[in-house]
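# Summary of the model geometry
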Amino acid sequence: MRDIAHRVLSMVGPGVEAEVFVGHTALALTRFANSFIHQNVADATTSVRLRLHADGRTASGSTTVTTDDGLAGLVLRTREAARLVPPDAGWPGLTPPAPLAGEGNWDEATAQASPDARADRVRAFVDAAGGLETAGYCRTMHVAGAFANSAGQSVTGRTAEVAMDAIARFDGADGLARLASGRLSEVDGAVLGARAAAKARASTGAVELPPGRYEVVLEAPAVADLLQNFALYGFNGKSFNERRSFAEPGAEQFDSAITLVDDTLGASGLGLPFDAEGTPKRRVALVSAGVTEAVTHDRRTAAEAGVESTGHAIPGGGAFGAMPVSMRLEPGAARREPSTHEPDGLGAVVDPAAAPLVASVERGLLVTDLWYTRVLDPKSLVVTGLTRNGVWLIEDGEITTPVRNFRFTQSYPQALAAGAVLGVGADLTTVPDGWGAAWRTAPALHLASWNFTGGASG
């Protein structure tokens, strides 16, 4: 792939600023429904992206045809496009030569996982569900990338990941288990299946509670939705420059228990060790002990803000902005040991990572997951959405009653503001997005207030 990148640069010719990214993505997906595998697909694609700046104008193009003729056609089309676009006065220039800060996370067993390896995890999930109807997927993916530009930057890297996202269903109620990792060995289908089945069984006979503000414990899948919206709308360099973000670097915008980082190279990070512009990845502290420290930038948004790129350029970033893709909410410490008493067997629904937080709630709700979330006001990040896959009433530190799903309308930064965070779990869970393009690592959270506005079916 490095050879392909340099071949394209040689075709561009002198007097033009150019950068080339070559990526090879191999994705394999095993899906199951009605407790049977119904689809096993694999796809491997090598793509080449070229961006060039000539005569004050910038254009981009891409191809999956890596023959000499295919690459020459890419160069010709992109140069022709550059003649037709308006001048680019904000061109920030190319990434200068710089070494990588790390190699990223790579696991050969994950990258080369067979269909049987994924099927084994599906079988374990189905068996652990104890006869309940199950559905979901197990996927493995590995990416190798090479980048080169006419300024002399040339880097390569690779990464691998596995994800499992599935439900068990009992009497119309769903229980969820979701996990991503850089290592196939860390995804245990039996553990996930048992957790999903316990949640499904404990969700039957749900009662309806009145809308209002409730103390909540959010499990990691729900917390991941907060992080996703923070990434898209809050710590996005383009949104920040356009004053559409709530972020105010230097201001105490969160509770002191909140520390947020973006760290592709960390133990729980996933992704290539450089961005789409060839800038090396590094750990970026977004929030430190409640104080907003930074937002993420590519070269263009960084130049507009008068700072350096943080290594967060993404394909299509001109429209969407530079955003964190490997966010992590740092863990806290459990307040006290959870009770071993489980009335009516409902205690089994609590993810072990959230159990110590549940034990400290006098009266509130345990929320497994949030979905169909939509931003009503980007500046204050007021979000509306629904709960799903399990909500339960907590009384005196115990799970007591399943609750019907709620609608909610809530400012996410306000939910994590000073004094609003009552506890942060000690264990981290990495949650995938739907496309394998971003990962959020989070503990459970105990929050003082969440605004539920009505029933999900109302």
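Since this is a predicted model, take the numbers as computed values, not measurements.

A few words on helix H2 (residues 68–84). For H2, spanning 17 residues, the distance from its first C-alpha to its last is 25 Å, which sits close to the expected 24 Å at 1.5 Å a residue. Among the residues of H2, those classed as buried are Gly70, Leu71, Gly73, Leu74, Val75, Thr78 and Ala82. Structurally, H2 contributes buried residues whose contacts are with helix H1 (2–12), strand E2 (36–54) and strand E3 (57–63).

For side chains bearing opposite charge, pairing can occur when the charged atoms are close. Scanning the entire structure with this criterion turns up 20 salt bridges. Among the salt bridges present, the one from Arg7 reaches Asp3, with a minimum N-O distance of 3.7 Å. Remark: Asp3 and Arg7 occur in helix H1; sequence separation between them is four residues, near one turn of the helix. The residue Arg178 makes a salt bridge to Asp369 at a minimum N-O spacing of 3.2 Å. One end of the pair, Arg178, is in strand E6 (residues 173–181); the other, Asp369, is in strand E12 (residues 363–377), with 191 residues separating them in the sequence. Of the two residues, Arg178 and Asp369, neither departs from the other in class, the shared state being buried. Members of the salt-bridge network, linked through shared partners, are Asp165, Arg178, Asp369 and Arg388.

A few words now on the sheet that holds E3. Sheet architecture is open: six strands sit in the order E3-E2-E1-E4-E5-E6, paired in antiparallel fashion. Looking at which strands have only one partner, the edges of the open sheet turn out to be E3 and E6. Ignoring strand direction, the axes of neighbouring strands in this sheet form an average angle of 15°. When strand E1 (residues 17–33) meets strand E4 (residues 133–149), the two strands line up antiparallel, connected through 14 bridges. Across the sheet, Val22 pairs through a bridge with Ala146, a residue of E4. Contacting strand E5 (154–170) and E6, helix H5 (residues 189–201) crosses the sheet at an angle of about 155° to E6.

Residue placement: Glu277 occurs in the loop between strand E8 (260–262) and strand E9 (284–288). Separated by 2.9 Å, the side chain of Glu277 and the backbone nitrogen of Arg299 make a polar contact. Apart from residues lying up to four places away in sequence, Glu277 is in contact with Glu19, Arg51, Thr95, Phe147, Asp298, Arg299 and Ala313.

What follows covers the pairing of strand E18 (residues 439–442). Because side chains alternate across E18, one face comprises the buried residues Trp439 and Thr441, and the other comprises Arg440 and Ala442, equally buried. Pairing between strand E11 (residues 326–329) and E18: three bridges, direction parallel. Within E18, the residue paired with Met327 across the bridge is Arg440. Pairing of strand E17 (residues 429–432) with E18 involves four bridges; the strand directions are antiparallel. Following the sheet pairing, Val431 is matched in E18 by Arg440.

Cut-offs used in this document
Residues numbered from 1 in each chain as written. Predicted model: local features only at pLDDT ≥ 70, side-chain atom pairs only at ≥ 80, totals over all residues. Heavy atoms only, no water. Helix = DSSP H or I, 4+ residues; strand = E, 2+ residues; numbered from the N terminus. Expected span 1.5 Å × (residues − 1). Buried < 20%, exposed > 50% of the residue type's maximum accessible area, 1.4 Å probe, protein only. Contact = heavy atoms within 4.5 Å. Salt bridge = Lys/Arg side-chain N within 4 Å of Asp/Glu carboxyl O. Pairing = 2+ DSSP bridges. Axes fitted to C-alpha atoms, helices over the stretch in contact; angles between N-to-C directions. Polar contact = N/O pair within 3.5 Å; in protein donor to acceptor, adjacent residues only side chain to side chain.

By themselves these figures say nothing about function.
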